[in-house]
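Spelled out, the chains give:
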Amino acid sequence: MNSQSYYQIQNDEYEIFQHAVQHRLPVLIKGPTGCGKTRFVEYMAEQLERPLYTVSCHDDLTAADLLGRHLIGPDGTYWQDGPLTRAAREGGICYLDEIIEARKDTTVALHSLSDHRRTVHLERTGETLTAHEDFMLVVSYNPSYQNLIKGLKPSTRQRFVAMSFGYPEASVEASIIAHESGIDEASAGQLVKLATDIRRLTDIDLTAAVSTRLLIYAGKMLKSGCPARKACLYCVIEPLTDEPTTRQSLLRLVDAHF
Ligand code: ADP
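Everything numeric here is computed off the predicted structure, so don't read it as measured data.

Taking every second residue as pointing to the same face, both faces of strand β1 (residues 27–30) are buried, with V27 and I29 on one and L28 and K30 on the other. Bridge analysis of β1 against strand β8 (residues 136–141) gives 4 bridges, and the strand direction is parallel. By the bridge assignment for β8, K30 is matched with Y141. One ladder, built from 4 bridges, connects β1 with strand β9 (residues 161–164); its direction is parallel. Paired with L28 across the strands is A162, a residue of β9.

What follows is the structure in structure tokens.
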């Protein structure tokens, strides 16, 4: 493959994923937003040379969006496989990002594909499809406070090999930011130090922690000549909070670092 995705291995995720592949087991990846879940799945799909079908889940997502539906064409109606069915038929990885957003009746459609049966019944065509041997189901979600309430049915989650991702260790995160944004390692390191301080704050109310993704945005702006204070304000602070007092406290942290 020519344009390989860049992915820095953080822990034992590569090894565990390979074992899951070997045994045709589905994988669940938990972790905060922007910590590298999607990039990892893209990287693994390339390593395995399997097509990747990614679906961003939302609360209007129906089973038909995943499985397929009849469409009307010039010659009448025809059946079109959805991404899950296509991956199962052709042997690819189907990645359902933020699965917790999907309705429970939609996730139930995954059950027969994610256990030993590896089949899916397409009610609308009457077909029972047995998944290709290279089919793999991967799902992810962010176990934030809001999502803990929504939850994932135990009957769904207990079908997966599950691993937790976090933000990378400081030196790894700095090299990711340097690679992705083009800034030098020292400036990337400064951004990581700022992020580490923000992630440590417990006395202010942030709904989410600062992600590697946001630090990359700030790095890109620094690279194109944006002053550090502004890059941090617009790429790190504003996306994190709407509270003027929190914004001020975070700006003071920025001033301490840059
Ligand atoms: P998630 O799916 O967890 O929300 P992404 O996989 O989209 O997050 O990661 C956000 C960005 O952070 C990626 O586009 C990539 O640039 C960078 N990134 C995060 N972790 C890594 C990593 N381990 N190796 C390489 N890039 C990473």
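Text resumes after the structure shown.
Let us look at the site of the ligand. Around the ligand, 17 residues are found, and the nearest of them are G34, K37, T38, R39 and E180. One of the side-chain nitrogen or oxygen atoms of T38 is found 2.5 Å away from an oxygen atom of the ligand. Its free accessible area being 560 Å², the ligand has 91% of it covered by the protein chains. Under a 2 Å grid-point criterion requiring more than half of the atoms, the pocket assigned to the ligand is the largest pocket. Those elements giving two or more residues to the shell around the ligand turn out to be α2 (37–48), α9 (170–181) and α11 (212–223). Across the shell around the ligand, the residue classes break down as 6 nonpolar, 7 polar and 4 charged.

Quick look at the packing of aromatic side chains now. Both the distance between ring centres and the angle between the ring planes are used here to describe each pair of aromatic rings. With the rule as written, the count across this model stands at 5 aromatic pairs. Ring geometry for Y14 versus Y43: centroids 6.3 Å apart, planes at 55°, classification tilted. Of this pair, Y14 sits in helix α1 (residues 13–22) while Y43 sits in helix α2, and the two are 29 residues apart along the sequence. Take Y14: its relative accessible area is 27%, and that puts it in the partly exposed class.

Let's shift gears to empty space enclosed by the protein. A probe matching the size of a water molecule, rolled over the atoms, marks out where space remains unfilled. Summed over the entire model, instances satisfying the criterion amount to 1 cavity of 30 Å³ or more. Within this model, the largest cavity holds a volume of roughly 40 Å³. The set of elements that each furnish at least two residues to the lining of the largest cavity consists of α6 (111–114) and β8. Its residues assigned to classes, the lining of the largest cavity comprises 6 nonpolar, 1 polar and 2 charged.

Bringing the layout of surface pockets into the picture now. There is about 440 Å³ of room inside the largest pocket. Forming the walls of the largest pocket are 20 residues, and the residues nearest its centre are G34, C35, G36, R39 and R213. When residues of the lining of the largest pocket are traced back to their parent elements, those giving at least two are α2, α9 and α11. Examining the composition of the lining of the largest pocket, we find that 4 residues originate from one element, α2, more than from any other. Within the lining of the largest pocket, the residues separate by chemical class into 6 nonpolar, 7 polar and 7 charged.

About the thresholds
- All chains use their own residue numbering, which begins from 1 and follows the written sequence.
- The model is predicted, so local features are restricted to residues of pLDDT at least 70 and side-chain atom pairs to those at 80 or more, both for listing and for counting; the totals for chains, interfaces and linings are taken over all residues.
- Each side-chain value is derived from all of the structure's non-hydrogen atoms; neither hydrogens nor water enter the calculation.
- Only protein chains enter the calculation, and the probe is 1.4 Å; a residue is then buried if its accessible area is under 20% of its type maximum, exposed if over 50%, and partly exposed in between.
- The secondary structure listing takes helices from DSSP runs of H or I that are at least 4 residues long and strands from runs of E that are at least 2 residues long, numbered from the N terminus.
- At least two bridges found by DSSP between two strands is the condition for calling them paired.
- To be near a molecule or strand, a residue needs just one of its heavy atoms within 4 Å of it.
- Nitrogen and oxygen atoms within 3.5 Å of one another constitute a polar contact, given that in protein one can donate a hydrogen and the other can accept it, and given that sequence-neighbouring residues count only through two side-chain atoms.
- Where accessible areas are quoted, they stem from the Shrake-Rupley method and a 1.4 Å probe; at the residue level, only the protein chains shown are allowed to cover.
- Only protein atoms enter the 1 Å grid used here, on which a cavity is any set of points holding a 1.4 Å probe that cannot leave and a pocket is any open set flanked by protein within 12 Å on both sides along at least five of seven lines; residues with an atom within 4 Å of a point are listed as lining.
- In this description, a molecule resides in a pocket or cavity if more than half of its atoms sit within 2 Å of the grid points defining it.
- In this classification, Asp, Glu, Lys and Arg are treated as charged, Ala, Val, Leu, Ile, Met, Phe, Trp, Tyr, Cys and Pro as nonpolar, and every other residue, Gly included, as polar.
- For this analysis, a ring pair means two rings from Phe, Tyr or Trp (six-membered ring only for Trp) whose centres lie within 6.5 Å, classed as stacked if their planes differ by under 30 degrees, edge-to-face if by over 60, and tilted for the remaining angles.
- Grid points are joined across faces, edges and corners, and a volume is the space filled by probe spheres set on the points.

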